[in-house]
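# Chain and residue survey
Here are the chains, one letter per residue:
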Amino acid sequence: MADRGNRSGDGRVPIEPQTIDAPLTRHAVFLVLTVAPGADAPGSDPLDAVRSVLSDVGGLVKTVGFRDLGASFTCTVGIGAAIWPGLTGLPLPRELHEFTTITGARHTAPSTPGDLLFHIRSDRQDLCYEFERLLLEALGDAVTVADETIGFRYLDTRDLLGFVDGTANPVGDHLPESTLVGEEDPAAAGGSYVVVQKYLHPLASWHALTTEQQEAIIGRRKADNVELDDADSGQKAHKTLATIVDDAGVEHDILRDNMPFGSPGTATFGTYFIGYSRELWVVERMLERMFIGDPPGLHDRLLDFSEAVTGSVFFAPSAEALANLGSPSSPAPAPPAPSGPGTPAPAGETDSAGAGTGSLGLGGLRRTSTTPQQSGDER
């Protein structure tokens with residue numbers, strides 16, 4: 001892992017876009033957009049406008065992030081299945097599809113609209129604001145905001161339920177292996193599947209429980225985050241249901257960068273879940289275990305205090321693929337061959353800049369090699 005004190009990679013340039021394992025930050029904006037079905041101006045196609053802006057996101061990241069290299073500013077862009085073919089001209093990543101509603105006996109994970117995701121992160125809220133302002137100004141009438149959630153880091157990386165969130169995130173070499181598509185899907189190599197959900201918490205009901213009852217639901221001690229033993233049978237804790245092991249006994253991890261959000265003045269309290277994964281089925285199975293139960297009928301009791309109100313799936317392409325959207329006739333370069341079986345292909349380290357008419361005009365970001373940094377702590 002890189003030195004966490006070196007917040008901008010090499011200390012001279014902002015963190016490049018599409019860096020999903022960027023450092024933990026104090027602030028984030030989760031912006032979900034839908035693309036307009038009609039023209040945003042006479043003779044104009046909304047997808048053309050979106051394509052031009054996305055191809056120059058690197059320039060906008062550089063423009064905003066360079067103002068404070070110590071603020072760990074970056075942005076990750078996700079693209080939904082409905083617009084992927086027309087927007088990118090690339091093969092659909094093999095697992096990419098719209099979020100599937102999951103209906104359990106007591107709780108439902110809804111599917112909600114979303115064509116584009118912008119995961120905007122920084123230690124300064126004003127930089128998140130400035131980037132979002134410039135981004136939406138550039139996109140104009142080509143998009144509509146489906147959801148905007150402003151998150152914040154709470155105390156020692158706790159959620160509003162009072163528990164540390166993110167302890168089991170992959171680290172070291174296991175991080176890219178768990179999050180980046182590799183040789184199994186060459187056209188999508190270097191990218192990552194992204195699932196987002198917005199959960200609301202009835203905190204009064206949660207606080208009515210004893211600490212021991214809360215710990216049994218989560219599967220960890222509240223004060224020191226120590227993991228509790230799994231139940232031998234019957235009802236499983238959240239941390240057990242969220243752990244995915246395949247038929248061969250291999251555990252599959254995802255990278256979470258969840259954040260609390262809330263407003264005491266309006267009594268709105270919640271957690272924004274965002275999970276990056278090399279394989280979409282891992283997140284889907286986790287949610288099925290939570291909402292349907294394992295065995296079926298024994299749902300995750302955390303859902304009794306966490307209502308899912310949104311649900312969307314995206315694919316975050318590599319920075320090269322994103323920059324090349326402005327040049328559809330020039331496909332992104334093939335990633336280097338993996339170093340070993342099961343090792344995901346890296347995103348590459350070539351110069352790229354936005355192209356095409358209608359770009360932000362802010363210049364291209366020179367891609368620099370960065371060392372994966374630890375991000376997040378999952379239960």
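Above this text is the structure in question.
Now for a look at the structure at hand. (Residues numbered from 1 in each chain as written. Predicted model: local features only at pLDDT ≥ 70, side-chain atom pairs only at ≥ 80, totals over all residues. Heavy atoms only, no water.)

### Comments concerning the environment of S52
- Along the chain, S52 falls in helix α1 (residues 46-55).
- Taking the relative accessible area as the measure of exposure, S52 reaches 6% and is therefore buried.
- Distance from S52 to N324, taken between C-alpha atoms, is 9.7 Å for residues 272 residues apart in sequence. (Helix = DSSP H or I, 4+ residues; strand = E, 2+ residues; numbered from the N terminus. Buried < 20%, exposed > 50% of the residue type's maximum accessible area, 1.4 Å probe, protein only.)

### Focus: the nonpolar core
- Core analysis: the largest hydrophobic core is formed by 59 residues, its most contacted members being L54, L116, F118, F131 and L287.
- Here this core gets 7 residues from one element, more than from any other, and that element is helix α9 (residues 280-291).
- When sequence neighbours within four positions are dropped, the list of residues in contact with L287 reads F99, I102, V195, Q197, Y199 and I292.
- Residues A28, V32, F261 and Y272 belong to the second largest nonpolar core, which totals 17 residues. (Core = buried A, V, L, I, M, F, W, Y, C linked by side-chain atoms within 4.5 Å. Contact = heavy atoms within 4.5 Å.)

### What about unusual backbone geometry?
- Cis geometry marks the peptide bond from D294 to P295, where omega comes out at 0°.
- As for its position among the elements, P295 is in the loop between α9 and β14 (307-308).
- If you check the backbone angles, S72 has positive phi at about 55° while not being a glycine.
- Structurally, S72 is set in the loop between α2 (57-65) and β2 (74-79).

### Points about the packing of α2 against helix α4 (residues 125-139)
- Look at α2 against α4: their axes get within 10 Å of each other, and the N-to-C directions meet at 145°. Taken as a pair, α2 and α4 cross one another with a handedness that is right-handed. Residues V57, L60, V61 and V64 of α2 form the contact with α4, whose own contacting residues are L127, E130, F131, L134 and L135.
- Classifying every residue of the contact of α2 with α4 gives 8 nonpolar, no polar and 1 charged. (Axes fitted to C-alpha atoms, helices over the stretch in contact; angles between N-to-C directions. Left-handed = near helix turned anticlockwise from the far one by under 90°. Nonpolar A, V, L, I, M, F, W, Y, C, P; charged D, E, K, R; others polar.)

That is the geometry; function is a separate question.
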